[in-house]
Amino acid sequence: PDLLFSPVRLGALSLANRVVMAPLTRNRAERGQLPSALAAEYYGQRASAGLIITEASQISPLGQGYLDTPGIYTPGQIAAWKPVVDEVHARGGRIVIQLWHVGRISHTSLLPEGEVPVAPSAIRAEAKTFTEDGFVDVSEPRALGLEEIDGLVEDFRHATRCAMEAGFDGVEVHAANGYLIDQFLRDGANQRSDAYGGSIENRTRLLFEVVQAVAEVIGAERTGVRLSPVTPANGLHDSDPQPLFERAVERLDSIGGLAYLHVIEGATGGDRDIAPFDYAALRAKFGGGWIVNNGYDRDMAEAALERGAADAVAFGTAFISNPDLVRRLRENAPLNPLDKDTLYGGGAQGYTDYPTLD
Ligand SMILES: C=C(C(=O)O)c1ccccc1
């Protein structure tokens with residue numbers, strides 16, 4: 001029998017199946033960085049997923065890097081997320097919110113007056129973002145001061161409390177895809193000479209402190225972390241990712257009882273084999289749940305579960321165009337094609353109007 005449709009517990013999260021909805025930025029937030037008025041319908045339509053991970057949601061004003069992404073740090077944002085969580089729960093689903101700080105992948109036009117993006121070091125990324133003016137080069141960042149780190153960790157605690165108030169089943173710390181925590185991890189962006197830069201111990205410090213803080217607030221068993229060891233996303237790289245990420249995972253494991261690690265294999269949304277990396281060695285260092293992601297189809301997913309390489313598999317774009325992806329995978333039904341023109345921004349079209357099997 002296919003493991004893909006069998007239940008699994010990841011910490012305190014009980015999944016009815018092992019098909020996870022990956023975090024997907026859709027740039028449809030309303031004014032005030034509120035989730036879209038259609039978000040309850042969009043996520044509710046996809047509640048048959050074993051677990052939904054929401055689109056990346058910023059933890060603070062400086063954590064925003066793209067136009068119209070939602071936040072999870074004000075009372076208004078909490079109130080706007082509540083109906084989303086309630087709809088998914090009413091339909092028997094499980095949903096966690098992905099906590100995001102973009103770091104240097106931002107533009108001054110998106111930030112409070114006079115602010116520039118923050119990063120481990122003042123090194124501009126070879127990357128673009130989208131603002132009111134369309135695709136633009138990201139702005140030159142400033143290096144976060146050592147005295148600002150505690151405030152950043154507190155912002156993650158605050159957002160976690162907001163997520164709990166909105167009723168989420170847990171949170172996923174976004175430590176992947178070249179955003180702030182990933183910038184601190186990898187030496188392509190982190191050239192600090194203080195306790196947060198240089199050695200692997202120092203470069204994994206922020207990740208450890210943030211996840212430990214989040215776990216203290218909501219519970220380790222309701223805390224997940226997303227990592228992307230070799231992705232080139234947003235202009236980031238590291239000179240020696242294998243020992244770096246093995247130490248990062250060891251430190252996360254030392255927190256004890258984390259629900260899961262969610263690992264993007266290869267280049268995000270691209271070449272899975274972009275660089276040699278031993279993911280099995282990484283997994284061997286972690287006692288919690290393991291979610292794999294990037295370009296999986298049904299057969300690859302089932303094979304990964306059968307050989308014990310993962311506990312669950314996250315699907316991204318397939319969930320955009322197939323609200324009932326779980327049923328389609330189970331029945332080997334054809335999948336709806338993805339409309340790339342409505343991925344980012346807009347309204348119902350390409351968001352809540354994809355058809356389900358009748
Ligand atoms: C949060 C994102 C990520 O993790 O890559 C993202 C941001 C903008 C467009 C697509 C994806």
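This text follows the structure it describes.
Parameters at a glance
Residues numbered from 1 in each chain as written. Predicted model: local features only at pLDDT ≥ 70, side-chain atom pairs only at ≥ 80, totals over all residues. Heavy atoms only, no water. Helix = DSSP H or I, 4+ residues; strand = E, 2+ residues; numbered from the N terminus. Expected span 1.5 Å × (residues − 1). Buried < 20%, exposed > 50% of the residue type's maximum accessible area, 1.4 Å probe, protein only. Salt bridge = Lys/Arg side-chain N within 4 Å of Asp/Glu carboxyl O. Near = heavy atom within 4 Å. Polar contact = N/O pair within 3.5 Å; in protein donor to acceptor, adjacent residues only side chain to side chain. Areas by Shrake-Rupley, 256 points an atom, 1.4 Å probe, with all protein chains shown as cover. 1 Å grid on protein atoms, 1.4 Å probe; cavity = no way out; pocket = protein on both sides within 12 Å on 5 of 7 lines; lining within 4 Å. Sits in = over half its atoms within 2 Å of the grid points. Nonpolar A, V, L, I, M, F, W, Y, C, P; charged D, E, K, R; others polar. Axes fitted to C-alpha atoms, helices over the stretch in contact; angles between N-to-C directions. Parallel < 35°, antiparallel > 145°, perpendicular 65-115°, else oblique. Left-handed = near helix turned anticlockwise from the far one by under 90°. Contact = heavy atoms within 4.5 Å. Phe/Tyr/Trp six-rings, centres within 6.5 Å; stacked < 30°, edge-to-face > 60°. Lys NZ or Arg CZ within 6 Å of the ring centre and 35° of its normal. Points joined across faces, edges and corners; volume = space filled by probe spheres on them. Core = buried A, V, L, I, M, F, W, Y, C linked by side-chain atoms within 4.5 Å.

What should I look at first to understand helix 7 (residues 241–255) in this one?
Given 3.6 residues per turn, any residue in an α-helix points the same way as the ones three and four places further on. Given a rise of 1.5 Å per residue, 15 residues ought to cover 21 Å, and the 21 Å separating the end C-alpha atoms of helix 7 matches this to within 8%. Within helix 7, burial applies to Pro241, Gln242, Leu244, Phe245, Glu246, Ala248, Val249, Arg251 and Leu252. Gly256 lies just past helix 7 and shows a positive phi near 90°.

Would you take a moment to explain the pattern of salt bridges for this structure?
Pairs may arise between side chains of opposite charge once their charged atoms sit close together. What the rule picks out here adds up to 18 salt bridges. Measuring nitrogen to oxygen at the nearest pair gives 2.9 Å for the salt bridge that ties Arg327 to Glu331. Within this structure, Glu201, Arg247, Glu250, Arg251 and Lys285 form a network of salt bridges that share partners.

Explain the site of the ligand here, please?
Around the ligand sit Thr25, Ala56, Tyr66, Trp100, His174, Asn177, Tyr179 and Tyr344, and those are all the residues in its vicinity. Here an oxygen atom of the ligand sits 2.8 Å away from a polar atom, N or O, in the side chain of His174. At 2.8 Å, a side-chain N or O of Asn177 approaches an oxygen atom of the ligand. Considering the ligand on its own, with 310 Å² of exposed area, one finds that the protein chains cover 80% of that surface. Of all the cavities here, the one that holds the ligand is the largest pocket. Across the shell around the ligand, the residue classes tally to 5 nonpolar, 3 polar and no charged.

Before we go on, may I ask you to explain the packing of helix 6 (residues 205–218) against helix 7 in this structure?
Between two packed helices, what matters for the description is the angle formed by their axes and the separation of those axes. Interaxial distance between helix 6 and helix 7 falls to 10 Å at its minimum, and their mutual angle equals 25°. Considered as vectors, helix 6 and helix 7 are oriented roughly parallel to each other. Along this stretch, helix 6 crosses helix 7, giving a crossing that reads as right-handed. Taken together, the residues of helix 7 that come into contact with helix 6 (itself represented by Arg205, Leu207, Phe208, Val211, Gln212 and Ala215) are Ala248, Arg251, Leu252, Ser254 and Ile255. Broken down by class, the residue content of the contact of helix 6 with helix 7 amounts to 7 nonpolar, 2 polar and 2 charged.

Just checking my understanding: could you explain the packing of aromatic side chains for this structure?
Geometry of an aromatic ring pair is reported as the spacing of the ring centres plus the angle between the planes. Enumeration over the complete set of coordinates arrives at 12 aromatic pairs. Pairing Trp100 with Tyr179 gives two aromatic rings, centres 5.3 Å apart and planes at 85°, and the pair type is edge-to-face. Remark: Tyr179 occurs in the loop between strand 10 (170–174) and helix 4 (180–185) and Trp100 occurs in strand 5 (residues 95–100); sequence separation between them is 79 residues. Under the relative-accessibility criterion, Trp100 is labelled buried at 1%. Members of the aromatic cluster, joined through ring pairs, are Tyr66, Trp100, Phe130, Phe135, Tyr179 and Tyr344. The positively charged end of Arg205 is found above the aromatic ring belonging to Tyr196, 6.0 Å away from the centroid. The ring centre of Phe208 lies 4.9 Å from the NZ or CZ of Arg251, which sits over that ring.

Just to check I follow, could you spell out the layout of surface pockets for this structure?
To find the voids left in a structure, one rolls a probe of water-molecule size over its atoms. Put simply, the largest pocket is a space of about 1000 Å³. What lines the largest pocket is a set of 38 residues, and nearest its centre among them are Pro23, Leu24, Thr268, Gly269 and Tyr344. Looking at the lining of the largest pocket, the elements with two or more residues in it are strand 5, strand 7 (128–131), strand 14 (312–315), helix 10 (317–321) and helix 11 (325–330). Tallied by class, the residues present in the lining of the largest pocket amount to 20 nonpolar, 13 polar and 5 charged. In this structure, the second largest pocket encloses a volume near 250 Å³.

Just checking my understanding: could you explain the nonpolar core for this structure?
Burial of nonpolar side chains together is a common tendency in soluble globular proteins. By size, the foremost hydrophobic cluster in this structure holds 83 residues, and its most contacted members are Val19, Tyr43, Phe156, Leu207, Leu227 and Phe315. Sequence-distant contacts of Tyr43, defined by excluding residues within four places in its chain, comprise Met21, Ile52, Thr54, Glu55, Trp81, Val84, Val88 and Ile95. Core analysis: the second largest hydrophobic core is formed by 14 residues, Leu13, Val20, Val96 and Ala259 among them.

That is the geometry; function is a separate question.
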